[in-house]
Amino acid sequence: WKHIRTLRTLGYRIDAVTSKGYRLLSGPELLIADEIRSRLSSRVIGREVICHEQLASTNLTAMELGETGAAEGLVVIADQQNAGKGRLGRRWESPAGVNLYLSILLRPTIPPWEVPRLTFLSAVAAARALRDVTGLKIDVKWPNDLLVNGRKIAGLLNEMSAESDAVHHVVLGLGLNINMTADQLPTDLRYPATSVWLEKGILTSRLDVAVVLLEHFDRLYEELRQSGMEPIRRAWQELFALMGKPVRVETGQASLAGVVAGIDEEGALLLQLPDGHIEKVLAGDVLPVESSR
Ligand code: BT5
């Protein structure tokens, strides 16, 4: 069973049947840069794709490559991360062979304070890719999560290198839970989590999801350059299941109760308070509450 356990940590799916033995269901799907490149028809995103068996963090590697002059559109993928990053120093659980850990390098001509809005672009691209490949209905949760049936299936992390008024480069990190099993989920979850496997019971090709995601991302990035943020903000808001719903927002300093009125052009959450006033929330965690009506 020790060997079986090792194989499982490498992404092999092995069934155990009591008093009969083990059955190999599938081996891990290899993430091969040339295969992804050959399937892409995108213009900018994925011009260069790098796949590693293991990295500390794809965001870290993409940031370093950005520092040394890598071109916009570079994509860094890892089969496994041993220091996958969430926000605020949190950890992103990144076992081998099952999920997608992907970072995209951008060099947008926007001021640094507009960079957080690019999360909406990642969210819409990832939601559309998961929908197209798996048929799952994806919701977004402000500011950086993708949910299925109220459980987190993907997390997004923006990082940038900038001066006070100029962006050098931005890295958009996306972690999508694809074939992760229940026993691979972290135990210290802040929010319930899931994967495509746990929702559908079907193994899904990470390569398919990666290719479709990069294609969507490329189209949205082009749209951003042509028409600005508004179409992406609207697309994101259409996926926001908590629109019009009562919520509680924890901002660190305060806990606010109100009804979600949307997000504004800056990406702030608009919350209608009981007195009718619209409060603009720049950062925080949104938690649903049961309607008393
Ligand atoms: C996030 O942070 O959701 C951003 C995650 C970004 C991960 C990608 S993977 C590729 C790229 N390279 C990196 O190093 N990072 C990016 P946050 O909202 O802070 O959520 C983190 C919290 O989610 C943790 O504290 C756990 O409670 C939970 N968590 C950890 N791993 C998870 C997983 N695989 N699935 C669902 N929840 C998880």
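Provided above is the structure to which this section pertains.
Described in the following lines is the structure provided in the data block. Just so we're clear, the structure is a prediction, and the values are computed from it rather than from any experiment.

Calculation rules
Residues numbered from 1 in each chain as written. Predicted model: local features only at pLDDT ≥ 70, side-chain atom pairs only at ≥ 80, totals over all residues. Heavy atoms only, no water. Helix = DSSP H or I, 4+ residues; strand = E, 2+ residues; numbered from the N terminus. Rg over C-alpha atoms; globule rule 2.2 N^0.38 Å. Buried < 20%, exposed > 50% of the residue type's maximum accessible area, 1.4 Å probe, protein only. Phe/Tyr/Trp six-rings, centres within 6.5 Å; stacked < 30°, edge-to-face > 60°. Near = heavy atom within 4 Å. Polar contact = N/O pair within 3.5 Å; in protein donor to acceptor, adjacent residues only side chain to side chain. Areas by Shrake-Rupley, 256 points an atom, 1.4 Å probe, with all protein chains shown as cover. Nonpolar A, V, L, I, M, F, W, Y, C, P; charged D, E, K, R; others polar. Salt bridge = Lys/Arg side-chain N within 4 Å of Asp/Glu carboxyl O.

1. Some points on the overall build of the chain
Across its full length, the chain holds 7 helices and 14 strands. Taken against the 2.2 N^0.38 rule, which gives 19 Å for 293 residues, the C-alpha radius of gyration of the chain at 20 Å falls within 12% of a compact globule. The dimensions of the chain, computed from C-alpha atoms along their principal axes, are 65 × 50 × 30 Å. Evaluated residue by residue, the chain yields a buried proportion of 51% over its 293 residues.

2. Some thoughts on the packing of aromatic side chains
Applying the stated criterion across every chain yields a total of 3 aromatic pairs. Judged by centre distance (4.9 Å) and plane angle (65°), the rings of F120 and W236 are edge-to-face. Of the two residues, F120 is situated in helix 4 (residues 118–134) and W236 in helix 7 (residues 230–238); the sequence distance between them amounts to 116 residues. Taking relative accessible area as the criterion, F120 reaches 5% and is therefore assigned buried. Seen in terms of ring centroids, W236 and F240 are 4.8 Å apart; in terms of plane orientation they differ by 45°. Their pairing is tilted. Judged by its relative accessible area of 3%, F240 is buried. Grouping aromatic residues by their ring pairs yields a cluster made of F120, W236 and F240.

3. Regarding the site of the ligand
Taken together, the neighbourhood of the ligand is formed by 31 residues, with S57, K85, R90, K152 and N177 sitting nearest. Within the backbone of N59, an N or O atom sits 3.5 Å from a nitrogen atom of the ligand. In the environment of the ligand, a nitrogen atom lies 2.9 Å from a nitrogen or oxygen atom belonging to the backbone of E93. When isolated, the ligand has an accessible area of 800 Å², and the protein chains bury 98% of it. If you list the elements that add at least two residues to the shell around the ligand, you get helix 3 (58–67), strand 5 (100–106), strand 8 (151–162) and strand 9 (167–176). In terms of residue class, the shell around the ligand is built from 10 nonpolar, 12 polar and 9 charged.

4. Details of helix 3
Taken residue by residue, helix 3 has T58, N59, T61, A62, M63 and G66 as its buried positions. Between the side-chain oxygen at the start of helix 3 and the backbone nitrogen of N59 there is a gap of 3.2 Å, and the oxygen is on S57. Immediately downstream of helix 3, the backbone of G69 shows phi near 95°, a positive value.

5. Points about the pattern of salt bridges
If the charged atoms of two oppositely charged side chains come close together, the side chains can form a pair. Enumeration according to the criterion identifies 19 salt bridges in this entry. Between R131 and D132 there is a salt bridge, and its shortest N-O distance comes to 2.9 Å. Using a relative accessible area of 41% as the deciding quantity, one classes D132 as partly exposed. What you see here is one network of salt bridges that share partners, running through R43, E72, E222 and R225.

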